[in-house]
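# Breakdown of the fold
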Amino acid sequence: MRHLIEITDLSRSEIAALLDLADDMRARPRDYGDTQKGRILATLFFEPSTRTRLSFESAMLTMGGSVLGFSSADASSTSKGESLQDTIRTVACYSDIIAMRHPKEGAPLAAVQKADVPVINAGDGGHNHPTQTLTDLMTIRREKGRLDSLTIGLCGDLKFGRTVHSLIQAMSRYPSVRFVLISPPELRLPDYLIQNLDDAGIPWESHERMEDVIGSLDILYMTRVQRERFFNEADYVRLKDTYVLTPEKMRLAGPDLRVMHPLPRVNEISPRVDDDPRAIYFDQVRNGRYVRMALITKLLEASV
Ligand code: NCD
């Protein structure tokens, strides 16, 4: 039985195979139209989501499978006090594979102890978000033709942004990758991730002003300030508009820069940037569907 709890559960060669399959699925989706017929995906979302939940459902439906699930904790027996492990054990009786999102860090890891179907972490608190990372890797590889030798700028809420944490863990495994961390001091990357970078000898630098470094980047990964993880509203209000990417700032960037964002965006990218050919966040959304098709396929293959 294979699960996907953290991105490092997959080896680099497994990721390469997954991205190859996802590229083919994107090119010829109809060829995969009944490959999961009769199979059921359960999406258990204890925390709200648009892209992640709908892209999982779209992925399964595109392959001829079916979906069931809930989109908030109050719509499940959690509201009656049921434990997560009991919920997972129950849902495993009704489905072949489970995608779950939970506000608590580590919840998916606890859940797999009792699961006899593959479980995919669709985001756990401020911790990890491995399927967003697969989406990001697919997008980077399609745009740049490689995952190594890149300077990646990550901007915004690096403290609570789980997509940033998983992406750094993933990209750290490719040679000659350099990270440029752009955040206010309060929203810096957690120490354990800095420690991992240092232990692995991976170059990184930290900046507060986007304008100082945008010209040196291959990728600029923008993120939303994660309001729901703040302890007080005043801090959120003070920090929420620290970075706003505008066409004026894009003029400081090179022609090969690619701007990514896991979405939803709030204010951090002006809609005036959307028509810039270097802005690829909506194509990134599209990739999310195909990479999840590939992931479901591979996990189900591994679990028969
Ligand atoms: C992200 C998430 O849920 O962590 N969204 C997503 O899955 N695409 C980013 C965010 O909510 O800011």
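Above: the structure in question.
Described below are features of the structure shown in this document. Everything numeric in this text was worked out from a predicted model, so none of it was measured. (Residues numbered from 1 in each chain as written. Predicted model: local features only at pLDDT ≥ 70, side-chain atom pairs only at ≥ 80, totals over all residues. Heavy atoms only, no water.)

## Things to note about the nonpolar core
Counting residues in each nonpolar core, the largest one holds 55 residues, and the members touching the most others are L154, M171, F179, L189 and I296. Ranked by residues supplied to this core, first place goes to helix 10 (residues 281-302) with eight residues. Residue-level mapping places this core at the junction of two domains, with at least three residues from each of domain 1 (7-129 + 285-303) and domain 2 (131-281). If near-sequence neighbours (up to four positions away) are discounted, F179 is found in contact with I152, L154, I168, M171, S172, L197, I202, P203, W204 and E205. (Core = buried A, V, L, I, M, F, W, Y, C linked by side-chain atoms within 4.5 Å. Buried < 20%, exposed > 50% of the residue type's maximum accessible area, 1.4 Å probe, protein only. Helix = DSSP H or I, 4+ residues; strand = E, 2+ residues; numbered from the N terminus. Domains from an automatic or database assignment. Contact = heavy atoms within 4.5 Å.)

## Examining the pattern of salt bridges
Applying the stated criterion to the full structure yields 21 salt bridges. With a shortest N-O distance of 2.8 Å, R258 and E143 are connected by a salt bridge. Taken as a pair, R258 in strand 9 (residues 258-260) and E143 in helix 5 (residues 130-144) lie far apart in primary sequence, 115 residues in all. By relative accessible area, R258 is classed as buried at 17%. The class of E143 is partly exposed, set by a relative accessible area of 29%. Close ionic contact of R265 with D274 constitutes a salt bridge, the shortest N to O distance being 2.7 Å. (Salt bridge = Lys/Arg side-chain N within 4 Å of Asp/Glu carboxyl O.)

## As for the sheet that holds strand 8 (residues 219-222)
Taken together, five strands build an open sheet; the order of strands is 7-6-5-8-9 and the sheet is parallel. Each having just a single partner strand, strand 7 (204-207) and strand 9 make up the two edges of the open sheet. Adjacent strand axes in the sheet meet at a mean angle of 20°, parallel and antiparallel pairs treated alike. Taken together, the three bridges between strand 8 and strand 9 define a ladder with parallel strand orientation. Bridging across to strand 9, Y221 finds its partner in M260. In this fold helix 5 packs onto strand 8 and strand 9, with an angle of close to 165° to the strand it touches most, strand 9. The strands touched by helix 6 (residues 162-171) are strand 5 (151-155), strand 6 (178-182) and strand 8; relative to strand 5, the strand with the most contacts, the crossing angle is about 165°. (Pairing = 2+ DSSP bridges. Axes fitted to C-alpha atoms, helices over the stretch in contact; angles between N-to-C directions.)

## Considering helix 1 (residues 12-27)
Taking 1.5 Å of rise per residue, 16 residues should cover 22 Å, and helix 1 covers 23 Å from first to last C-alpha, within 8% of that figure. Restricting attention to buried positions, one finds in helix 1 the residues I15, L18, L19, L21, A22 and M25. Each buried residue of helix 1 sits inside an arc of 165° when the element is viewed along its axis, so together they form one side. Residues of helix 1 that are exposed and point more than 90 degrees away from the buried face comprise S13 and A27. (Expected span 1.5 Å × (residues − 1). Arc of directions from axis to C-beta.)

## A closer look at the site of the ligand
The immediate surroundings of the ligand are formed by T52, R101, H129, Q132, R162, T163, R224, Q226, P262, L263 and P264. One of the side-chain nitrogen or oxygen atoms of Q132 is found 3.1 Å away from a nitrogen atom of the ligand. (Near = heavy atom within 4 Å. Polar contact = N/O pair within 3.5 Å; in protein donor to acceptor, adjacent residues only side chain to side chain.)

## A look at the packing of helix 1 against helix 5
Geometry of a packed helix pair, given as the angle between the helix axes and the separation of the axes. At a minimum axis separation of 10 Å, helix 1 and helix 5 run at an interaxial angle of 75°. Classified by the angle between their axes, helix 1 and helix 5 sit roughly perpendicular to one another. Where helix 1 abuts helix 5, its residues I15, A16, L19, D20, A22, D23 and R26 lie against L134, L137, M138, R141 and R142. Class assignment for the residues of the contact of helix 1 with helix 5 results in seven nonpolar, no polar and five charged. (Parallel < 35°, antiparallel > 145°, perpendicular 65-115°, else oblique. Nonpolar A, V, L, I, M, F, W, Y, C, P; charged D, E, K, R; others polar.)

## A look at unusual backbone geometry
For the peptide bond that leads from L263 to P264, omega is 5°, which places it in the cis range. Positionally, P264 belongs in the loop between strand 9 and helix 10. Phi is positive for S176, which is not a glycine, with a value near 60°. Within the secondary structure, S176 is located in the loop between helix 6 and strand 6. Looking at S176, the relative accessible area reads 58%, which means it is exposed. Along the polypeptide, L263 turns up in the loop between strand 9 and helix 10.

## As for the packing of aromatic side chains
Tallied over the full model, the rule gives four aromatic pairs. Relative to F230, the ring of F160 has its centre 5.5 Å away and its plane inclined at 55°; by these criteria the two rings are tilted. On the criterion of sequence distance, the pair formed by F160 in the loop between strand 5 and helix 6 and F230 in the loop between strand 8 and helix 8 (233-239) is long-range, its members being 70 residues apart. You'll find F160 and F230 in the same group, each marked buried. Where Y281 meets F282, the ring centres are 5.5 Å apart and the plane angle is 65°; that geometry is what we call edge-to-face. Under the relative-accessibility criterion, Y281 is labelled buried at 1%. Judged by relative accessible area, F282 falls into the partly exposed class, the value being 48%. The rings of F160, F230 and Y236 are connected pair by pair, giving a single aromatic cluster. (Phe/Tyr/Trp six-rings, centres within 6.5 Å; stacked < 30°, edge-to-face > 60°.)

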